[in-house]
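The chain contents come next:
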Amino acid sequence: MRELVDRLFRTGELTEEEFRRLIRHRTKETERYARDLACQVREKNYGNQIYIRGLIEFTNYCKNDCYYCGIRKSNRNAQRYRLSQEDILECCRQGYDLGFRTFVLQGGEDGYFTPERMEKIIRTVKETYPDCALTLSVGEKDEETYRIYREAGADRYLLRHETADEEHYRRLHPRSLSLEHRKGCLRTLKKLGFQTGAGFMVGSPGQTPETLAEDFLFLKELNPEMVGIGPFIAHRDTPLGGELNGTLQDTLFYLALVRLMLPDVLLPATTALGTIHPEGSELGILSGANVVMPNLSPVSVRKKYMLYDGKICTGDEAAEHLENLAERMKKIGCRIVTDRGDCRRSALRAF
Ligand code: SAH
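The structure contained in this document is the topic of the report that follows.

Here is what the cut-offs are and how they apply
Residues numbered from 1 in each chain as written. Predicted model: local features only at pLDDT ≥ 70, side-chain atom pairs only at ≥ 80, totals over all residues. Heavy atoms only, no water. Helix = DSSP H or I, 4+ residues; strand = E, 2+ residues; numbered from the N terminus. Rg over C-alpha atoms; globule rule 2.2 N^0.38 Å. Buried < 20%, exposed > 50% of the residue type's maximum accessible area, 1.4 Å probe, protein only. Contact = heavy atoms within 4.5 Å. Core = buried A, V, L, I, M, F, W, Y, C linked by side-chain atoms within 4.5 Å. Salt bridge = Lys/Arg side-chain N within 4 Å of Asp/Glu carboxyl O. Pairing = 2+ DSSP bridges. Axes fitted to C-alpha atoms, helices over the stretch in contact; angles between N-to-C directions. Near = heavy atom within 4 Å. Polar contact = N/O pair within 3.5 Å; in protein donor to acceptor, adjacent residues only side chain to side chain. Areas by Shrake-Rupley, 256 points an atom, 1.4 Å probe, with all protein chains shown as cover. Nonpolar A, V, L, I, M, F, W, Y, C, P; charged D, E, K, R; others polar. Parallel < 35°, antiparallel > 145°, perpendicular 65-115°, else oblique. Left-handed = near helix turned anticlockwise from the far one by under 90°. Expected span 1.5 Å × (residues − 1).

Of the regular secondary structure elements, the chain holds 14 helices and 9 strands. Computed over C-alpha atoms, the radius of gyration of the chain comes to 19 Å, within 12% of the 20 Å expected from 2.2 N^0.38 for 351 residues, which places it in the range of a compact globule. Counting only C-alpha atoms and orienting by the principal axes, one finds that the chain spans roughly 55 × 45 × 35 Å. Buried residues in the chain amount to 59% of all 351 residues. For the chain, the share of sequence-separated contacts (at least 6 apart) that also reach a separation of at least 24 residues comes to 76%.

If you look at the biggest cluster of nonpolar residues, it comprises 97 residues, and the most contacted ones within it are Phe-103, Tyr-149 and Tyr-254. Broken down by element, the residue count for this core peaks at 10 residues, all from helix 10 (residues 248-261). For Tyr-149, the residues in contact, after removing those within four places along its chain, are Met-118, Ile-122, Leu-136, Val-138, Lys-141, Ala-154, Tyr-157 and Phe-194. Judged by nonpolar contacts, the second largest core, of 10 residues, contains Tyr-46, Leu-55, Met-226 and Leu-266.

Turning our attention to the pattern of salt bridges. Proximity of charged atoms lets side chains of opposite charge pair with each other. By the definition in use, this model includes 31 salt bridges. Residue Arg-20 pairs with Glu-17 through a salt bridge whose shortest N-O separation is 4.0 Å. Within this pair, Arg-20 and its partner Glu-17 are both found in helix 2 (residues 16-25), separated by 3 residues, close to a single helical turn. Overall, Arg-20 belongs to the partly exposed group, its relative accessible area being 27%. Judged by relative accessible area, Glu-17 falls into the partly exposed class, the value being 47%. Among the salt bridges present, the one from Lys-191 reaches Glu-143, with a minimum N-O distance of 2.9 Å. Within this pair, whereas Lys-191 is found in helix 8 (residues 179-191), its partner Glu-143 is found in helix 6 (residues 143-152), the two being separated by 48 residues in sequence. Salt bridges linked by common partners bring Lys-126, Asp-155, Arg-156, Arg-340 and Asp-342 together as one network.

The strand order across the open sheet built from 3 strands is 8-1-9, with neighbouring strands paired in parallel fashion. Every other strand in the sheet has two partners, leaving strand 8 (291-292) and strand 9 (335-337) as the edge strands with one partner each. Bridge count between strand 1 (residues 49-52) and strand 8: 2 bridges; the pairing is parallel. What sits directly across from Tyr-51, in strand 8, is Val-291. Across the sheet, helix 14 (residues 322-331) touches strand 1, strand 8 and strand 9, and the angle it forms with strand 9 is around 135°.

What follows deals with the site of the ligand. Residues in contact with the ligand amount to 17 residues; listed here are only the nearest, Tyr-68, Gly-107, Arg-160, Glu-162 and Ile-233. One nitrogen or oxygen atom from the main chain of Gly-107 is found 3.0 Å from a nitrogen atom belonging to the ligand. Contact with the protein chains removes 91% of the 550 Å² of surface that the ligand exposes when unbound. Classifying every residue of the shell around the ligand by side-chain character gives 10 nonpolar, 4 polar and 3 charged.

The next point concerns the packing of helix 5 (residues 115-128) against helix 6. Closest axis-to-axis distance for the helix 5/helix 6 pair is 8 Å, and the angle between their directions is 20°. When the interaxial angle is binned, helix 5 and helix 6 end up roughly parallel. Crossing geometry of helix 5 relative to helix 6 is assigned as right-handed. Contacts between helix 5 and helix 6 involve Pro-115, Met-118, Glu-119, Ile-122, Arg-123 and Lys-126 on the former and, on the latter, Thr-145, Ile-148, Tyr-149, Glu-151 and Ala-152. Across the contact of helix 5 with helix 6, the residue classes tally to 6 nonpolar, 1 polar and 4 charged.

In a regular helix each residue adds 1.5 Å, so 14 residues correspond to 20 Å; helix 9 (residues 209-222) covers 20 Å between its end C-alpha atoms and thus fits that length. Backbone geometry just after helix 9 places Asn-223 at a positive phi near 50°.

What follows deals with the side chain of Arg-182. Looking at the element boundaries, Arg-182 is found in helix 8. Look at Arg-182 and you get buried, because its relative accessible area is 11%. Beyond its immediate sequence surroundings of up to four residues, Arg-182 is in contact with Glu-140, Leu-159, Arg-160, His-161, Glu-162 and Tyr-169.

Moving on to the sheet that holds strand 6 (residues 195-202). With respect to topology, 6 strands assemble into an open sheet ordered 2-3-4-5-6-7, the strand pairing being parallel. Each end of this open sheet is capped by a strand with a single partner; those strands are strand 2 (54-59) and strand 7 (226-231). Across the sheet, the axes of successive neighbouring strands diverge by a mean angle of 20°, strand direction being ignored. Note that strand 4 (residues 133-137) and strand 5 (residues 156-158) share 2 bridges and pair parallel. Paired with Leu-136 across the bridge in strand 5 is Tyr-157. Helix 5 contacts strand 2, strand 3 (102-107) and strand 4 of the sheet and is inclined by roughly 155° relative to strand 4. Of the strands in this sheet, strand 6 and strand 7 are in contact with helix 9, which crosses strand 6 at around 175°.

This is how it looks when you write it as structure tokens:
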């Protein structure tokens, strides 16, 4: 297995069969080896700098019904909310003062936020904070809408593909959604010049070494600037509420593989990882991650943006406790920086 990790490190590539083998037969030693190399690659590309993103969860209305997601349309127990443009700007103001230079607007697919409304929000944020990057994460739209977002000034877009396997995709989503369409959106986003993020949940029901190998090949082919990977965590009010959660060990291993495959990728230690383990952020970074995304939403709505059970939102991962996070990063030899934190497409791999 060590030889496969080595080759991924040196060439950034493995065949589908090799990915399957590596994922199926990894040992503790393979994990350690992958993690250590991934850290070296992170340092080579980004030094000891950790980028921060202020996450503003601005609406939990959603027209979709993904089987895993707590804010799916059919969840009657979700208390719905949406933030006004003023609320969003107030979040940015607080975030800016704390040192954030990237804001991420994430939400369900909420028809209230028409292209016109989004355009106005994007323009206003970018005019008020010209030195900041703006990331959107609001799901699947048509090309024209993405173009409006881009021309209004949005810099980045997060749209996890969730799984690159057709059958697995259907197990996680209703028929109204398709993998084909989601992949098409990702290609459009890249074409329009967004720094684009794909990714998947670890341990989602039906995931296998085979589906994971497809995820890695898809990521390699798409070559996104960002990759979001976090454990699946069951939400009790969803059809997958009774399923097992993804594990820490699996998540850390796949983070390391992504870093080896895409050396300069922006790779967050996700909130979900922090939810399943109190030191999730540190462990993620020690497996190759270089981004953290503290919650910058108004405290009054945080509990309502409940994608999965137990989602953390007021501890050290809250923007207002950035000092604690900074301290934790320092303990592992890293440093939170006040910087837009763009992708450094230099692809430094070997030394
Ligand atoms: N509507 C946007 C944002 C979705 S929420 C979109 O479609 O892209 C952001 C991410 O949270 C999702 O892409 C999914 O990977 C993750 N997520 C949703 N439910 C989850 C769960 N139960 N466990 C772990 N991650 C989950």
